[in-house]
Amino acid sequence: MKKITKEVYLNWYEDMLFWRKFEDKLAAVYIQQKVRGFLHLYNGQEAVLAGSLHAMELGKDRMITAYRNHVQPIGMGEDPKRVMAELYGKVTGTSKGMGGSMHIFSKEHKFYGGHGIVGGQIPLGAGLAFADKYFGRDSVTLCYMGDGAVRQGSLHEAFNLAMLWQLPVVFICENNGYAMGTSVARTSHSTDIWKLGLGYEMPCGPVDGMNPVAVAEEVYKAIERARSGGGPTFLEAKTYRYRGHSMSDAQHYRTKDEVEEYKKIDPISQVKHIILDKKYATEAELKEIDARVKERVKECEKFAEDSPFPPVEQLYDVVYEQKDYPFLKHKL
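Because the structure is a prediction, the values reported are computed rather than measured.

Colleague: Quick question: what am I supposed to make of the packing of helix α1 (residues 6–31) against helix α11 (residues 283–306) here?
Modeller: Axis angle and axis distance: for two packed helices, these are the angle between their axes and the distance between the axes, and together they describe the pair. It is at 9 Å that the axes of α1 and α11 come closest, and there the two elements cross at 40°. Classified by the angle their axes make, α1 and α11 are oblique. As for the relative orientation of α1 and α11, their crossing is right-handed in sense. In contact with Y13, E14, L17, F18, K21, F22, K25 and V29 of α1, α11 contributes L286, I289, D290, R292, V293, R296, V297, C300 and E301. The residue makeup of the contact of α1 with α11, split by class, is ten nonpolar, no polar and seven charged.

Below you can see the structure in the form of structure tokens.
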């Protein structure tokens, strides 16, 4: 396990706070209709990403996830200004403004999406791992999904092949309790999602998804197992989202009191308390971090606001065309 030092805690605090404020800004500009379409925010789930990043070897390992995907590429090294611009639909975005909220992508930083099809990323994650094994690369893929996506048959197909071929992949279910808006207890006989791995004899287990230390420990063990040829792992990170499934979610399925209870174990607050208890920083020093985070978010917003929309001609530059495609004849 990589050592969790003072610097790690301070980085976690700043990173998670930045991700939270970045998403808060997106919520604000969404209401102003500057960001269109769907918008799925990560508020409350930051410990899963923070712990995972600490366990990974950035620059070598890969990540793929669903549509709640704005801050993951930032953690992997992508410029947050480009992520904000993509959400605005601007040409300076990560996909030149053509992907939007659910399709952030950064091949350079080994972040492979951002997928709007529920569960669609699960076999793709196994495929990335298959490619690494096939070409003899020393890389591991982290493949995330929500608790709703585990109802998809593609998960079972991917699990079976991942075990059959002993692929270097870590499957992580971010169980925030409600999928789109229906509790796990109403959709599954067993509420212990991690037990799905047992049917494939896949190493599996639960992890506290509100605690970055717990996540880092379990993900590190899973990554090392995969890297050493031990095959896949399935982890269920039990976490919670403070906002609705998307910005259009009225959240009638839960109470405000329930949300407030979970905020008592907020991952950012947990890390802040440790920093203060261990005297890694003073309140004044943390306020300096807060101010720096707010300024960075403002810079992202300004960059997105000032960037131009894509030219119409771009439509013809990003469409695949095979001129000699069989059975088709073009009439001039």
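Colleague: What is the right way to look at helix α5 (residues 121–134) in this model?
Modeller: Counting along an α-helix, one turn takes 3.6 residues, and residues three or four places apart therefore face a common direction. With 14 residues, α5 should reach 20 Å at 1.5 Å per residue; the first-to-last C-alpha distance of 20 Å fits that figure. What α5 keeps buried is the set Q121, I122, G125, A126, L128, A129 and D132. Each buried residue of α5 sits inside an arc of 155° when the element is viewed along its axis, so together they form one side. Taken together, the buried residues of α5 touch β1 (62–64), β2 (141–146), α6 (153–164) and β3 (169–175).

Colleague: Help me understand helix α2 (residues 46–55), please; the structure alone is not making it clear to me.
Modeller: Counting buried positions along α2 yields ten of ten residues, so the element is predominantly enclosed. Taken together, the buried positions of α2 are E46, A47, V48, L49, A50, G51, S52, L53, H54 and A55.

Colleague: How should I be thinking about the environment of G197 in this particular structure?
Modeller: Positionally, G197 belongs in the loop between α7 (184–187) and β4 (204–208). Residues G197 and F171, spaced 26 residues apart in sequence, show a C-alpha to C-alpha distance of 9.7 Å. Apart from the residues within four sequence positions on either side, G197 is in contact with M202, C204 and F234.

Colleague: Explain unusual backbone geometry here, please?
Modeller: Leaving glycine out, the prevailing phi sign among residues is negative, and the prevailing peptide bond configuration is trans. Between G113 and the following residue, G114, the backbone shows a cis peptide bond with an omega angle of 20°. Within the chain, Q166 stands out as a residue other than glycine whose phi angle is a positive 50°. By the element assignment, Q166 lies in the loop between α6 and β3. On the basis of relative accessibility, which here comes to 28%, the residue Q166 falls in the partly exposed class.

Colleague: Please explain the packing of aromatic side chains as it appears in this structure.
Modeller: For any pair of aromatic rings, geometry is given as the distance between the ring centres together with the angle between the planes. All told, the structure shown has twelve aromatic pairs when counted by the stated rule. Between F159 and F171, the aromatic rings sit 4.8 Å apart at their centres with planes inclined by 45°, giving tilted as the arrangement. Of this pair, F159 sits in helix α6 while F171 sits in strand β3, placing them twelve residues apart in sequence. The exposure class assigned to F159 is buried, which follows from its relative accessible area of 0%. On the basis of an interplanar angle of 90° and a centroid distance of 5.9 Å, the ring pair of F159 and Y200 is categorised as edge-to-face. With a gap of 41 residues between them, F159 in helix α6 and Y200 in the loop between α7 and β4 connect regions that are remote in the sequence. Y200 sits in the partly exposed class, given a relative accessible area of 23%. Clustering of aromatic rings is evident, with ring pairs tying together F130, Y134, F135 and W165. When the ring centre of F309 is taken as reference, the NZ or CZ atom of K90 above it lies at 4.8 Å. The aromatic ring of Y242 is capped on one face by K263, whose charged end is 5.4 Å from the ring centroid.

Colleague: Please clarify how the sheet that holds strand β5 (residues 233–238) should be interpreted in this entry.
Modeller: Working definition: the strands of a sheet are paired by backbone hydrogen bonds and lie parallel or antiparallel to each other. Strand order in the open sheet formed by five strands is β1-β2-β3-β5-β4, and the pairing between neighbours is parallel. Looking along the sheet, the strands with just one partner apiece sit at the ends: β1 and β4. Neighbour-to-neighbour, the strand axes of this sheet turn through a mean angle of 20°, independent of strand direction. One ladder, built from six bridges, connects β3 with β5; its direction is parallel. Looking at β5, one finds that F171 is bridged to F234. Each of β2, β3 and β5 touches α6; the most contacted strand, β3, lies at about 150° to it.

Colleague: What am I meant to see in a nonpolar patch on the surface here?
Modeller: A cluster of nonpolar side chains, M98, V312, L315, Y316, V318 and V319, forms an exposed patch at the surface whose accessible area comes to about 640 Å². Structurally, V319 is set in the segment after α11. Given a relative accessible area of 58%, V319 falls into the exposed group.

Reading the values: the criteria
Residues numbered from 1 in each chain as written. Predicted model: local features only at pLDDT ≥ 70, side-chain atom pairs only at ≥ 80, totals over all residues. Heavy atoms only, no water. Axes fitted to C-alpha atoms, helices over the stretch in contact; angles between N-to-C directions. Helix = DSSP H or I, 4+ residues; strand = E, 2+ residues; numbered from the N terminus. Parallel < 35°, antiparallel > 145°, perpendicular 65-115°, else oblique. Left-handed = near helix turned anticlockwise from the far one by under 90°. Contact = heavy atoms within 4.5 Å. Nonpolar A, V, L, I, M, F, W, Y, C, P; charged D, E, K, R; others polar. Expected span 1.5 Å × (residues − 1). Buried < 20%, exposed > 50% of the residue type's maximum accessible area, 1.4 Å probe, protein only. Arc of directions from axis to C-beta. Phe/Tyr/Trp six-rings, centres within 6.5 Å; stacked < 30°, edge-to-face > 60°. Lys NZ or Arg CZ within 6 Å of the ring centre and 35° of its normal. Pairing = 2+ DSSP bridges. Patch = residues over 30% accessible without salt bridge, like charges linked within 9 Å, V, L, I, M, F, W, Y side chains within 5 Å. Areas by Shrake-Rupley, 256 points an atom, 1.4 Å probe, with all protein chains shown as cover. Salt bridge = Lys/Arg side-chain N within 4 Å of Asp/Glu carboxyl O.

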